[in-house]
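# Working through the structure, step by step
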Amino acid sequence: MESKVEKRQHWSKKREYILAAAGNVVGLGNVWRFPYLCYKNGGGIFLLPYCFFAVLCGVPMFLLETVIGQHTQEGAITCWRKLCPLAQGAGYSILIIQLYAAIYIIILAWSLLYLIHCFRDPLPWATCSNPWNTESCVELTSANWTAQHSLTVNWTSGNLTTSSVSEFWERELLSISGGIEEVGTVKWELVLCLLVCWLTCYFSTWKGVHSTGKVVYFTALFPYVMLAILLVRGLTLPGAWQGVVYYLYPDPSRLADLQVWMEACAQVLFSYGVASGTIITLSSYNKIKNNCYRDSLWLCLLNSATSFVAGFAVFSALGFMAHKQGIPIHLVVDSGPDLAFIAFPQAVAMMPLPQVWAACFFIMLLLLGLDTVFVGLETITASVIDMFPRQMRRPWRREVFLLLFCSACFITQISLTSQGGIYQFQLVDYYGANGACIVFVCLVQCVAAGWAFGAEQMCDAVEEMTGHRPWFLFSLCWRYFTPLVCMICFICSFLDYQPLTTRGGHVYPHWVYYLGWAMSLSSVVVVPLWAIGKIWLTEGSFRERLCVLWRPARDPIVPKRMGNI
């Protein structure tokens, strides 16, 4: 006897959705990307382009995707069948981006290994008396080092001295090889950490929102506890306010630089989590009458506020480190993995009770990244289940599919734990899920929802579900402002293209750049390919085919003002 098809899941409580959505949008970029961009691009003046793009792109796109998910009650691919079948390729584009984004789980493995080392006294990256250290290693408190060198060193340069924290990161934790062609040996301790991370993600999502809704009570809230602890501790350190001043000191001349505006737009889209399918997926588990309009506005505010506050925690610690070493703060400021695994570990190593503060920092990184990874995993799983509901919504089908997918990801990512794994990570990070791909998907979604389905009809859907009609600004953004900004940024991303290099300026082999472009285009070309395929397979004249595919197969919401027309 064939088992019964199960109904689509919903959140048990609304706060589970709020916590999951908050955990999704508040991620690693809020801690290691936004503060650095703010410092680099004019301090407090950077908030002007940031807020500009948040109002015209970030918040409208976040609300749009939330409404799409809750309105259609479908995942990131099948939702377009009810909005604009011709744009369903955007859903497949999102799926490809999420497959590339799964690589970020290696950051959790690095963080976990650092966390394990936090319980050693002294911290292994604070001294030069370890087996992996070289004769050129200089300890953190060395006067010669602080007087002559900056915090970070070139991965491939021949500097006479290197810091102990850099040697721990490069020689012990990663054992970096000479290039991407030199894969080298696998670091088995990293493999075990990667396995633990994948097991955690699997059991966080294996029962769908029923398991995810319980996990987020810890993974979404506890990072704020850690951030608050680090913030209070950082602001009480000597030199902290020097760091805060560098963080926010305004430089109005930077507004004339196009790159500042480009980076502000990219940061908004990345930090808000748009065009990744996660917002659509999480909101699709809401009840149809949930007030998604209010939820979206508060979640956007939470995301931006967290980024801003995290800057105080980061720069107060970096200010303390610069004060302790007696060097200008610009020599210790960095972003991305360099901030997380070199700059901040060096800062906490100089504090009293360094093990405590290092553990707090890496626990926060683990939980911030964990939320983002398992929500992305839920996006992929939900998309597949919604595409094949009769086959997948049966007992244990979801769990088996998720187990096979996580196992395949783990096996393919073992190469990331090798000596050449950092180069592979940089390749996928730079090309696989880059800003141009995100901007392109945003553009397609705006055209499909704002023009095909109709911005006014989308506003009708919001009013039908929440009882409140969104501001007229959102309708203008969905139709005009957001697609225009996305189109300009998409074009500028090609005009401003810079080939991938390592921190030391090392140029990759030519085949790496061809592979990178193939990864970037893979999530772009699927949109026109899907549209061409649907037009080809649909019956009727070309005009009739476009009419059928441009409009939804059936309109779930009939605009009130149209009545029975």
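These figures come from a predicted structure and were not determined experimentally.

## Here we look at the overall build of the protein chain
Helix and strand content of the protein chain: 24 helices and two strands. Classification of the 565 residues of the protein chain by burial places 60% in the buried group. Excluding contacts between residues fewer than 6 apart, the proportion of contacts in the protein chain whose partners are at least 24 apart in sequence is 82%. Element-wise, carbon and sulfur atoms account for 67% of the exposed surface of the protein chain, whose accessible area totals about 23000 Å².

## Looking at helix H6 (residues 105-117)
In a regular helix each residue adds 1.5 Å, so 13 residues correspond to 18 Å; H6 covers 19 Å between its end C-alpha atoms and thus fits that length. Counting buried positions along H6 gives twelve out of 13 residues, so the element sits mostly inside the fold. Among the structural elements, helix H2 (28-32), helix H8 (164-173), helix H9 (188-205), helix H16 (336-349), helix H17 (354-387) and helix H20 (421-432) are those in contact with the buried residues of H6.

## Quick word on the nonpolar core
Core analysis: the biggest nonpolar cluster contains 191 residues, and Trp110 and Trp125 have the highest contact counts within it. When residues in this core are grouped by element, the largest group, 19 residues, is from helix H21 (residues 435-466).

## Notes on the state of the cysteines
Each disulfide is one covalent bond, formed between the sulfur atoms of two cysteines. Applying the stated criterion across every chain yields a total of one disulfide. Unpaired in terms of disulfides, Cys360 finds its nearest cysteine sulfur in Cys118, a separation of 9.4 Å. Since its relative accessible area comes to 10%, Cys360 is described here as buried. Among the cysteines around Cys547, which has no disulfide bond, Cys84 carries the closest sulfur, lying 12 Å off. On the accessibility criterion, Cys547 (47% relative accessible area) is partly exposed.

## Topic: the packing of helix H12 (residues 240-248) against helix H15 (residues 292-325)
When two helices pack together, their arrangement is given by the angle between the helix axes and the distance between those axes. For the pair H12 and H15, the least separation of the axes is 6 Å and the interaxial angle reads 130 degrees. One finds that H12 runs oblique with respect to H15. In the crossing of H12 with H15, the sense of the turn from one axis to the other is right-handed. Side by side, H12 and H15 meet where Ala240, Gln242, Gly243, Val244, Tyr247 and Leu248 of the first sit next to Ser307, Phe308, Gly311, Phe312, Phe315, Ser316, Gly319, Phe320 and His323 of the second. Considering only residue class, the contact of H12 with H15 consists of eight nonpolar, seven polar and no charged.

## Focus on the packing of aromatic side chains
Counted according to the given criterion, the structure contains 47 aromatic pairs. Between Trp11 and Tyr285 the ring centres are 6.1 Å apart and the planes differ by 90 degrees, which places this aromatic pair in the edge-to-face class. Placement of the pair is Trp11 in the segment before helix H1 (14-25) and Tyr285 in the loop between helix H14 (278-284) and H15, with a sequence separation of 274 residues. Across the pair, exposure class does not vary: Trp11 and Tyr285 are buried alike. Relative to Phe425, the ring of Tyr104 has its centre 6.0 Å away and its plane inclined at 80 degrees; by these criteria the two rings are edge-to-face. Highlighted residues: Tyr104 in the loop between helix H5 (89-101) and H6 and Phe425 in helix H20, separated in sequence by 321 residues. Judged by its relative accessible area of 25%, Tyr104 falls in the partly exposed class. Taken together, Tyr104, Trp110, Tyr114, Trp125, Trp132, Phe168, Trp169, Phe341, Phe344, Phe361, Phe362 and Phe425 form an aromatic cluster joined through their ring pairs. Over the ring of Trp206 we find Lys207, and its NZ or CZ is 4.8 Å from the ring centre.

## Overview of the pattern of salt bridges
Applying the stated rule across the entire model yields 13 salt bridges. Measuring nitrogen to oxygen at the nearest pair gives 2.3 Å for the salt bridge that ties Arg398 to Glu378. With a gap of 20 residues between them, Arg398 in helix H19 (residues 397-412) and Glu378 in helix H17 connect regions that are remote in the sequence. Assessed through its relative accessible area of 8%, Arg398 is described here as buried. Measuring nitrogen to oxygen at the nearest pair gives 2.9 Å for the salt bridge that ties Glu463 to Arg469. What makes Glu463 partly exposed here is its relative accessible area of 24%. Judged by relative accessible area, Arg469 falls into the partly exposed class, the value being 33%.

## Section: the environment of Gly243
Following the sequence through the fold, Gly243 ends up in helix H12. We classify Gly243 as buried; its relative accessible area is 0%. Separated by 71 residues in the primary sequence, Gly243 and Val314 place their C-alpha atoms 8.6 Å from one another. Setting aside residues no more than four positions away along its own chain, Gly243 makes contact with Phe315, Gly319 and Ile329.

## A few points about the side chain of Asp371
Relative to the assigned elements, Asp371 resides in helix H17. Although Asp371 is buried, it makes no salt bridge; Arg398 carries the closest opposite charge, 14 Å away. What Asp371 contacts, discounting residues up to four positions off in sequence, is Gly23, Asn24, Val216, Thr219 and Ala220.

## Brief notes about the confidence of the model for the protein chain
Scored by pLDDT, the protein chain has a mean of 89; 93% of the residues are at 70 or more. By mean pLDDT, the top-scoring element of the protein chain is H14 (97), and the lowest-scoring one is helix H7 (residues 143-148) (44). A low-confidence stretch, residues 142-159 (pLDDT under 50), is modelled with 48 contacts involving residues beyond four sequence positions or located in other chains.

What counts, and at which threshold
- Residues numbered from 1 in each chain as written.
- Predicted model: local features only at pLDDT ≥ 70, side-chain atom pairs only at ≥ 80, totals over all residues.
- Heavy atoms only, no water.
- Helix = DSSP H or I, 4+ residues; strand = E, 2+ residues; numbered from the N terminus.
- Buried < 20%, exposed > 50% of the residue type's maximum accessible area, 1.4 Å probe, protein only.
- Contact = heavy atoms within 4.5 Å.
- Areas by Shrake-Rupley, 256 points an atom, 1.4 Å probe, with all protein chains shown as cover.
- Expected span 1.5 Å × (residues − 1).
- Core = buried A, V, L, I, M, F, W, Y, C linked by side-chain atoms within 4.5 Å.
- Disulfide = S-S within 2.5 Å.
- Axes fitted to C-alpha atoms, helices over the stretch in contact; angles between N-to-C directions.
- Parallel < 35°, antiparallel > 145°, perpendicular 65-115°, else oblique.
- Left-handed = near helix turned anticlockwise from the far one by under 90°.
- Nonpolar A, V, L, I, M, F, W, Y, C, P; charged D, E, K, R; others polar.
- Phe/Tyr/Trp six-rings, centres within 6.5 Å; stacked < 30°, edge-to-face > 60°.
- Lys NZ or Arg CZ within 6 Å of the ring centre and 35° of its normal.
- Salt bridge = Lys/Arg side-chain N within 4 Å of Asp/Glu carboxyl O.
- Lys, Arg positive; Asp, Glu negative; His and termini not counted.
- pLDDT = per-residue confidence, 0-100.

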